[in-house]
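Now for the letters of each chain:
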Amino acid sequence: MRNKKKVTAATYYKRCLKIACDMAKERDNYTCQHCGQGRNSGKQMQASHVIPKSKCKHLAVNPVNIKCLCSFCHRWWWHLSPAESGEWFIGKFPKRWAKIKKLKEKHKKEIAGGIPFWRSKWEEMKKQQRHERG
């Protein structure tokens, strides 16, 4: 008999991240928010975080903090020109930027982690994703 692989907090975090990325790409209609090209143009679309995952794990799984970029804009513009790209985001999405800042402050105050938090977050996101898809 095979042993089941132990489900860890990291597993649930990765599941949440995948759902959040999918939700953000769907919201942006699989179109690069910088250059405007879509996946129909043959470009690969990627989920790009405004606030990096390493800076705030809780915000990393929130679709508000994720935008859809083509692979070229993600690699050669967003990551190589952080000051310019940050100003662009704030100018193009001022309401989202305000919400991201508010959420970041809120998460600084929260102390959560481990399996119970990430599992409940994953379950919540699955429900939300099902609801949005109809």
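In what follows, the accompanying structure is described. (Residues numbered from 1 in each chain as written. Predicted model: local features only at pLDDT ≥ 70, side-chain atom pairs only at ≥ 80, totals over all residues. Heavy atoms only, no water.)

Some remarks on the overall build of the protein chain
Tallying secondary structure elements over the protein chain gives 6 helices and 2 strands in all. Helices and strands in the protein chain line up, N terminus first, as α-β-α-β-α-α-α-α. Principal-axis analysis of the C-alpha atoms places the extent of the protein chain at approximately 50 × 35 × 30 Å. Counting over 134 residues, the protein chain shows a buried share of 39%. Taking all contacts inside the protein chain whose residues are at least 6 apart in sequence as the whole, residues at least 24 apart take part in 68%. Taken as a whole, the protein chain presents about 8,900 Å² of accessible surface, with 53% of it coming from carbon and sulfur. (Helix = DSSP H or I, 4+ residues; strand = E, 2+ residues; numbered from the N terminus. Buried < 20%, exposed > 50% of the residue type's maximum accessible area, 1.4 Å probe, protein only. Contact = heavy atoms within 4.5 Å. Areas by Shrake-Rupley, 256 points an atom, 1.4 Å probe, with all protein chains shown as cover.)

Details of the packing of aromatic side chains
The full count for this structure, using the stated rule, is 7 aromatic pairs. Pairing Trp77 with Trp88 gives two aromatic rings, centres 4.9 Å apart and planes at 85°, and the pair type is edge-to-face. Of the two residues, Trp77 is situated in helix α3 (residues 71-78) and Trp88 in helix α4 (residues 82-92); the sequence distance between them amounts to 11 residues. On the basis of relative accessible area, Trp88 is assigned to the buried category, the value being 19%. Relative to Phe93, the ring of Phe89 has its centre 5.1 Å away and its plane inclined at 40°; by these criteria the two rings are tilted. With a relative accessible area of 14%, Phe93 lands in the buried category. Among the aromatic side chains, those forming a connected cluster through ring pairs are Trp77, Trp78, Trp88, Phe89, Phe93 and Trp97. Positioned over the ring face of Tyr30 is Arg39, at 3.9 Å from the centre of the ring. Just above the ring of Phe93 sits the side chain of Arg96; from NZ or CZ to the centre is 4.7 Å. (Phe/Tyr/Trp six-rings, centres within 6.5 Å; stacked < 30°, edge-to-face > 60°. Lys NZ or Arg CZ within 6 Å of the ring centre and 35° of its normal.)

Looking at the pattern of salt bridges
Evaluation of the coordinates by the stated rule reveals 2 salt bridges. A salt bridge links Asp28 to Arg27; the shortest N-O distance between them is 3.0 Å. For Asp28, a relative accessible area of 8% puts it in the buried group. (Salt bridge = Lys/Arg side-chain N within 4 Å of Asp/Glu carboxyl O.)

Observations regarding unusual backbone geometry
We note that Asn29 has phi near 55°; this positive angle belongs to a residue other than glycine. Checked against the element boundaries, Asn29 lands in the loop between α1 (9-27) and β1 (45-49). The backbone of Tyr30 sits at a positive phi, close to 50°, despite the residue not being glycine. If you trace the backbone, Tyr30 turns up in the loop between α1 and β1.

As for the nonpolar core
Of all hydrophobic cores here, the largest spans 19 residues; its most connected members are Cys32, Met45, Leu59, Trp78, Trp88, Phe89 and Ile100. The contact partners of Phe89, leaving out residues within four places of it in the chain, are Val50, Lys67, Trp78, Pro94, Arg96, Trp97 and Ile100. Core analysis: the second largest hydrophobic core is formed by 15 residues, Tyr12, Ile19, Cys21 and Trp118 among them. (Core = buried A, V, L, I, M, F, W, Y, C linked by side-chain atoms within 4.5 Å.)

Here we look at the pairing of strand β2 (residues 66-70)
On a regular strand, each side chain points to the face opposite its neighbour's, so the side chains alternate between the two faces of the sheet. In terms of burial, β2 is a largely internal element, 5 of the 5 residues being buried. Bridging between β1 and β2 involves 5 bridges; their strand directions are antiparallel. Pairing of Gln46 across the sheet is with Leu69, part of β2. (Pairing = 2+ DSSP bridges.)

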